[in-house]
Amino acid sequence: MNLNKESLQKTITYKTSRSGGKGGQNVNKVSSKVELLFSIDDSILFTDEEKALLKDKLQSRFNKDGYIQVICDEERSQYLNKEKAIERLIILLKNALHKPKVRKSTRVSKAAKAARLENKRLNAAKKEGRRGKFDE
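About the thresholds
- Residues numbered from 1 in each chain as written.
- Predicted model: local features only at pLDDT ≥ 70, side-chain atom pairs only at ≥ 80, totals over all residues.
- Heavy atoms only, no water.
- Core = buried A, V, L, I, M, F, W, Y, C linked by side-chain atoms within 4.5 Å.
- Buried < 20%, exposed > 50% of the residue type's maximum accessible area, 1.4 Å probe, protein only.
- Helix = DSSP H or I, 4+ residues; strand = E, 2+ residues; numbered from the N terminus.
- Pairing = 2+ DSSP bridges.
- Axes fitted to C-alpha atoms, helices over the stretch in contact; angles between N-to-C directions.
- Parallel < 35°, antiparallel > 145°, perpendicular 65-115°, else oblique.
- Contact = heavy atoms within 4.5 Å.
- Nonpolar A, V, L, I, M, F, W, Y, C, P; charged D, E, K, R; others polar.
- pLDDT = per-residue confidence, 0-100.
- Polar contact = N/O pair within 3.5 Å; in protein donor to acceptor, adjacent residues only side chain to side chain.
- Patch = residues over 30% accessible without salt bridge, like charges linked within 9 Å, V, L, I, M, F, W, Y side chains within 5 Å.
- Areas by Shrake-Rupley, 256 points an atom, 1.4 Å probe, with all protein chains shown as cover.
- Salt bridge = Lys/Arg side-chain N within 4 Å of Asp/Glu carboxyl O.
- Lys, Arg positive; Asp, Glu negative; His and termini not counted.
- Charge placed at Lys NZ, Arg CZ, Asp CG, Glu CD.

Peer 1: Sorry if this is basic, but what is going on with the nonpolar core here?
Peer 2: One recurring pattern in soluble globular proteins: nonpolar side chains tend to sit buried together. The biggest cluster of nonpolar side chains holds 20 residues, and the ones touching the most others in it are Leu36, Phe38, Leu54, Ile68, Leu89 and Leu93. Of all the elements in the fold, those that place two or more residues in this core are strand S2 (33-38), strand S3 (68-72) and helix H4 (78-97).

See below:
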């Protein structure tokens, strides 16, 4: 899946509000906080299987209306907050769509097994040599 900002922009809805934090008087005047809303159901970017996978993995990120919600208020600029929110959404979607490689079970080689047993035998012999002979 090749996710990019341009393709996501068509299906994203933004809400802005006044942000707390740094910014001085600017905080009281400018709506720099961005709330990004993305609907997986309405998106044409994903297949039905991918939509089901996203819904399963991102269950906790949905709001009551069924949108994925990403909030960003770190920057003083609304534009920068929008960019950061989109980047976070892309990372979130990519991580949810990532399928880990299936582990192939392998056997321990004969040489490795023999080396381990030889090492155990030598260690046991070394410890046996440290024991005192009390019955003599």
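Peer 1: How do you make sense of the sheet that holds S2 when you look at a structure like this?
Peer 2: Backbone hydrogen bonds are what pair the strands of a sheet, in a parallel or an antiparallel way. The strand order across the open sheet built from 3 strands is S1-S2-S3, with neighbouring strands paired in antiparallel fashion. Only two strands of the sheet have a single neighbouring strand rather than two, namely strand S1 (12-17) and S3. With direction set aside, neighbouring strand axes in the sheet form an average angle of 20 degrees. Looking at chain direction, S2 and S3 are connected through 5 bridges and run antiparallel. Bridged to Phe38 within S3 is Ile68.

Peer 1: Quick question: what am I supposed to make of the packing of helix H3 (residues 48-57) against H4 here?
Peer 2: Helix packing for two helices is described by the angle between their axes and how far apart those axes are. It is the contact of H3 with H4, at a shortest axis distance of 9 Å, that shows an interaxial angle of 105 degrees. Between H3 and H4, the crossing angle belongs to the class labelled roughly perpendicular. Where H3 abuts H4, its residues Glu50, Leu53, Leu54 and Lys57 lie against Leu93, Ala96 and Leu97. For the contact of H3 with H4, the per-class residue count stands at 5 nonpolar, no polar and 2 charged.

Peer 1: Please clarify how the confidence of the model for the protein should be interpreted in this entry.
Peer 2: Close inspection of predicted coordinates is inappropriate for parts of the model with low pLDDT. When pLDDT is averaged along the protein, the result is 86, and 93% of the positions lie at 70 or above. By mean pLDDT, the top-scoring element of the protein is helix H5 (residues 110-130) (95), and the lowest-scoring one is helix H2 (residues 26-29) (71).

Peer 1: Even after reading the chapter, I still don't get the side chain of Ser39, so can you show me in this structure?
Peer 2: Checked against the element boundaries, Ser39 lands in the loop between S2 and H3. Separated by 3.3 Å, the side chain of Ser39 and the backbone nitrogen of Asp42 make a polar contact.

Peer 1: How do you make sense of a positive patch on the surface when you look at a structure like this?
Peer 2: Where like charges cluster on the molecular surface, the positive patch consists of Arg107, Lys110, Lys113, Arg116 and Lys120. Here Lys110 is to be found in helix H5. Classification of Lys110 as exposed rests on a relative accessible area of 76%.

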